[in-house]
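Below, each chain spelled out in residue letters.
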2 protein chains.
Amino acid sequence: MELSTKYQAYIDCLNKRELIRLADYVSEDVIYNGERIGLEKYSAMLAGNYRDIPDLKFDIVLLTSESSVVACRLRFDCHPEADFLGLQVNGQHVVFHEHVFYKYIDGKIAQVWSVIDKAELADQLDGKQ
Amino acid sequence: MELSTKYQAYIDCLNKRELIRLADYVSEDVIYNGERIGLEKYSAMLAGNYRDIPDLKFDIVLLTSESSVVACRLRFDCHPEADFLGLQVNGQHVVFHEHVFYKYIDGKIAQVWSVIDKAELADQLDGKQ
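Residues numbered from 1 in each chain as written. Chains lettered and ligands numbered in written order. Predicted model: local features only at pLDDT ≥ 70, side-chain atom pairs only at ≥ 80, totals over all residues. Heavy atoms only, no water.

### Description of the overall build of chain A
Okay, step 1: Each helix and strand counted, chain A has three helices and eight strands in total.
Okay, step 2: For chain A, the C-alpha radius of gyration of 15 Å lies close to 14 Å, the compact-globule estimate for 129 residues.
Okay, step 3: Viewed in the frame of its principal axes, chain A has a C-alpha envelope of about 45 × 25 × 25 Å.
Okay, step 4: Scored against the burial criterion, the 129 residues of chain A give a buried share of 47%.
Okay, step 5: In chain A, the share of contacts with a sequence separation of at least 24, taken over all contacts with a separation of at least 6, comes to 51%.
Okay, step 6: Of the charged side chains in chain A, 14 are positive and 21 negative; the average position of the first set lies 2 Å away from that of the second. (Helix = DSSP H or I, 4+ residues; strand = E, 2+ residues; numbered from the N terminus. Rg over C-alpha atoms; globule rule 2.2 N^0.38 Å. Buried < 20%, exposed > 50% of the residue type's maximum accessible area, 1.4 Å probe, protein only. Contact = heavy atoms within 4.5 Å. Lys, Arg positive; Asp, Glu negative; His and termini not counted. Charge placed at Lys NZ, Arg CZ, Asp CG, Glu CD.)

### Re the relation of the copies chain B and chain A
Okay, step 1: With an axial shift of 0.0 Å and an RMSD of 0.0 Å, the rotation relating chain B to chain A amounts to 180°. The operation mapping one copy onto its partner corresponds to a two-fold rotation axis.
Okay, step 2: Residue by residue, 100% of the interface of chain B is reproduced at the interface of chain A, so both copies engage with the same surface. (Least-squares fit on C-alpha atoms with pLDDT ≥ 70 in both.)

### Here we look at the side chain of S114 of chain A
Okay, step 1: With respect to the helices and strands, S114 of chain A occurs in strand β8 (residues 108–116).
Okay, step 2: Take S114 of chain A: its relative accessible area is 6%, and that puts it in the buried class.
Okay, step 3: For S114 of chain A, the side chain forms a polar contact with the side chain of E98 of chain A, separated by 2.7 Å.
Okay, step 4: Setting aside its immediate chain neighbours within four residues, S114 of chain A contacts Y32, N33, E98, H99 and V100 of chain A together with H99 and D117 of chain B. (Polar contact = N/O pair within 3.5 Å; in protein donor to acceptor, adjacent residues only side chain to side chain.)

### Describing the side chain of S43 of chain A
All names here are of chain A.
Okay, step 1: Tracing the backbone shows S43 in helix α2 (residues 38–52).
Okay, step 2: Taking relative accessible area as the criterion, S43 reaches 19% and is therefore assigned buried.
Okay, step 3: Discounting residues that sit within four places of it in the chain, S43 has contacts with L19 and L22.

### Regarding the layout of surface pockets
Okay, step 1: Roughly 150 Å³ of internal volume is contained in the second largest pocket.
Okay, step 2: Lining of the second largest pocket is provided by N33, G34, W113, S114 and V115 of chain A together with R73, H97, D117, A119, E120 and D123 of chain B.
Okay, step 3: At the level of secondary structure, the elements contributing two or more residues to the lining of the second largest pocket comprise β8 of chain A together with α3 (118–122) of chain B.
Okay, step 4: Of the residues assigned to the lining of the second largest pocket, the class counts are three nonpolar, four polar and four charged. (1 Å grid on protein atoms, 1.4 Å probe; cavity = no way out; pocket = protein on both sides within 12 Å on 5 of 7 lines; lining within 4 Å. Points joined across faces, edges and corners; volume = space filled by probe spheres on them. Nonpolar A, V, L, I, M, F, W, Y, C, P; charged D, E, K, R; others polar.)

### Section: the packing of aromatic side chains
Residues and elements named next belong to chain A.
Okay, step 1: Under the criterion given, the structure shown has 17 aromatic pairs over all chains.
Okay, step 2: The interplanar angle of 45° and the centroid separation of 5.5 Å between the aromatic rings of F84 and F96 together place this pair among those described as tilted. Of this pair, F84 sits in strand β5 (residues 83–84) while F96 sits in strand β7 (residues 94–105), placing them twelve residues apart in sequence. One exposure class covers both F84 and F96, and it is buried. (Phe/Tyr/Trp six-rings, centres within 6.5 Å; stacked < 30°, edge-to-face > 60°.)

### Some points on the state of the cysteines
Okay, step 1: This model, assessed by the stated rule, comprises zero disulfides over all chains.
Okay, step 2: The structure places no disulfide on C78 of chain B, whose sulfur is separated from the nearest cysteine sulfur, that of C72 of chain B, by 15 Å. (Disulfide = S-S within 2.5 Å.)

### Some points on the interface of chain B and chain A
Okay, step 1: Counting residues at the interface gives 17 residues for chain B, matched by 17 residues for chain A.
Okay, step 2: Buried surface at the junction of chain B and chain A, summed over both partners, amounts to about 1,700 Å²; 71% is from carbon and sulfur atoms.
Okay, step 3: If you sort the residues of chain B by the area they bury against chain A, H99, F101 and V115 of chain B come out on top, with a joint share of 35%.
Okay, step 4: Our count for the contact surface shared by chain B and chain A stands at zero salt bridges.
Okay, step 5: Inspection of the chain B/chain A interface yields four residue pairs in polar contact (both at pLDDT 80 or more).
Okay, step 6: At five residues, strand β3 (residues 59–66) of chain B tops the list of elements feeding residues into the side of chain B that touches chain A.
Okay, step 7: Of the residues that constitute the side of chain B that touches chain A, the class distribution is ten nonpolar, four polar and three charged. (Buried area = accessible area lost by both parts, 1.4 Å probe. Salt bridge = Lys/Arg side-chain N within 4 Å of Asp/Glu carboxyl O.)

Shown next, in the form of structure tokens:
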């Protein structure tokens, strides 16, 4: 299977919130932003995102892959509840992006480098923060 | 020429600070983070970066390209003077990353989507901001 197809299946899994299938896509020893958090914490992080952002949906807007690396620009159009990334969003409608790189080993995501455009998000909030 | 080779030549140009050659790599009508700033403002933005960060150097740590899109994780190990991204860096040593996507048209960069990891940078500053 092409890496980009495999990645799209991972995003489908996230959008269906089928965390029980996450192990099909993510390595047991996954490293996230330099920290070896493992599959369990990775899954808990996603569960936290679903809780904090009830209408969370991952939209791929740009995708490239080469050898074992995937890069994706993700778009989020949603209403985070309460705090998000230390910002008081409190259910306001926001659109923001994440730029994320993934290193695949043995067909699964082994390492993730993620940067969220927090400045873009902050600019949309009432009484800019 | 492969797109990734072309991109590496662009980064070499930035590191040599040969802005006079920028037009070889960047379109006259370049769009940066959604705004059609054009080559002149793009060049001025880089000149501003060189001024604000005297030891600025672009290090490619991850690079993927596919059809007309390049994605790159860039690493910066430097000492920004005074303010940078609204943070009081004042010459402190910082290491931070940028995740950036480029759309090529006719062999030149036509569109750029850039996100800098500002949180990573802020975490390194004295009296965290």
